[in-house]
Amino acid sequence: EVTGSNPVSPTTRERPLICGNAGQGPFARCARPRAGSISGGCFGQTRRLWQGGAMRSQCAVYVDAGYLLAASATRITGTSLRSAVDVTHEDLIHGLIAQAEADSGLPLLRVNWYDSGSRPGGLPDFVQDQIGLLPKVKLRLGRKSLGGEQKGVDLKIGLDLATHGRQRVVDMMYLVSGDDDLTEA
């Protein structure tokens, strides 16, 4: 059993293990069962380990594409219509990646790209399919209402932020959105 404190080292970003019974390999799990449990150990937590037990530090970007493209169109043309501007999505996403990595000093895990599916049933259109095929990009789609508004996107972003934060998926998160409600997530 581990006693005393084992603070995070600012130079190596090593994280303390929950107990001294952790296994070896890229995924280590405590083998000590918790009281009253048949299978769990250390509350059943699985930790990603990286050489010598240090957590791999990464950043992630969460993009509300509807907001980003409408705000960009407004700034350039004066109208919030996304169709008013031609966007090279690959260059835009590479720019976001470069900015996040430069700002954080950490490698990027992924860009989470949130948009409403443009085809019936919330399915992706050709451009969204191409975005989803880019390396380090995860496409997350909501749906469009009959009035053309995106639905379910903010909820997906908030849930992903809360889940990834709770699970400590990344050390630094960047949110690109104009929705003040998401600052609470």
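Attention in this report is confined to the structure presented alongside it. (Residues numbered from 1 in each chain as written. Predicted model: local features only at pLDDT ≥ 70, side-chain atom pairs only at ≥ 80, totals over all residues. Heavy atoms only, no water.)

A word on the nonpolar core
The nonpolar side chains of soluble globular proteins are, as a tendency, buried together. Core analysis: the largest hydrophobic core is formed by 18 residues, its most contacted members being Val61, Val63, Ile93, Val111, Trp113 and Val137. Of all the elements in the fold, those that place two or more residues in this core are strand 3 (59–64), helix 1 (65–77), helix 2 (89–104), strand 4 (108–116) and strand 7 (172–176). Here this core takes 4 residues from helix 2, the largest share from any one element. If sequence neighbours within four positions are ignored, Val61 has contacts with Leu96, Ala100, Leu108, Arg110, Val111, Asn112, Tyr174 and Val176. Judged by nonpolar contacts, the second largest core, of 9 residues, contains Ala60, Tyr62, Tyr114 and Leu182. (Core = buried A, V, L, I, M, F, W, Y, C linked by side-chain atoms within 4.5 Å. Buried < 20%, exposed > 50% of the residue type's maximum accessible area, 1.4 Å probe, protein only. Helix = DSSP H or I, 4+ residues; strand = E, 2+ residues; numbered from the N terminus. Contact = heavy atoms within 4.5 Å.)

Here's the deal with the environment of Gly117
With respect to the helices and strands, Gly117 occurs in the loop between strand 4 and helix 3 (126–132). Sequence separation between Gly117 and Arg140 is 23 residues, and the spatial gap between their C-alpha atoms is 9.0 Å. If sequence neighbours within four positions are ignored, Gly117 has contacts with Gly122, Leu123, Gln128, Leu141, Gly142, Arg143 and Lys144.

A look at the environment of Thr79
Summarising the element assignment, Thr79 is placed in the loop between helix 1 and helix 2. Since its relative accessible area comes to 28%, Thr79 is described here as partly exposed. Look past the residues within four positions of Thr79 in its chain and what remains in contact with it is Ala70, Ala73, Thr74 and Ala84.

Section: helix 4 (residues 153–166)
Over its 14 residues, helix 4 extends 20 Å from the first C-alpha to the last, a length consistent with the 20 Å expected when each residue adds 1.5 Å. Every buried residue of helix 4 is accounted for by Val153, Ile157, Gly158, Asp160, Leu161 and His164. One side of helix 4 carries all its buried residues, which in axial view fall inside an arc of 165 degrees. Turned more than 90 degrees away from the buried face of helix 4 sit Leu155 and Arg166, all of them exposed. Here the buried face of helix 4 lies against strand 3, strand 4, strand 5 (137–144), strand 6 (150–151) and strand 7. Once helix 4 ends, the next one or two residues include Arg168, with phi positive near 55 degrees. (Expected span 1.5 Å × (residues − 1). Arc of directions from axis to C-beta.)

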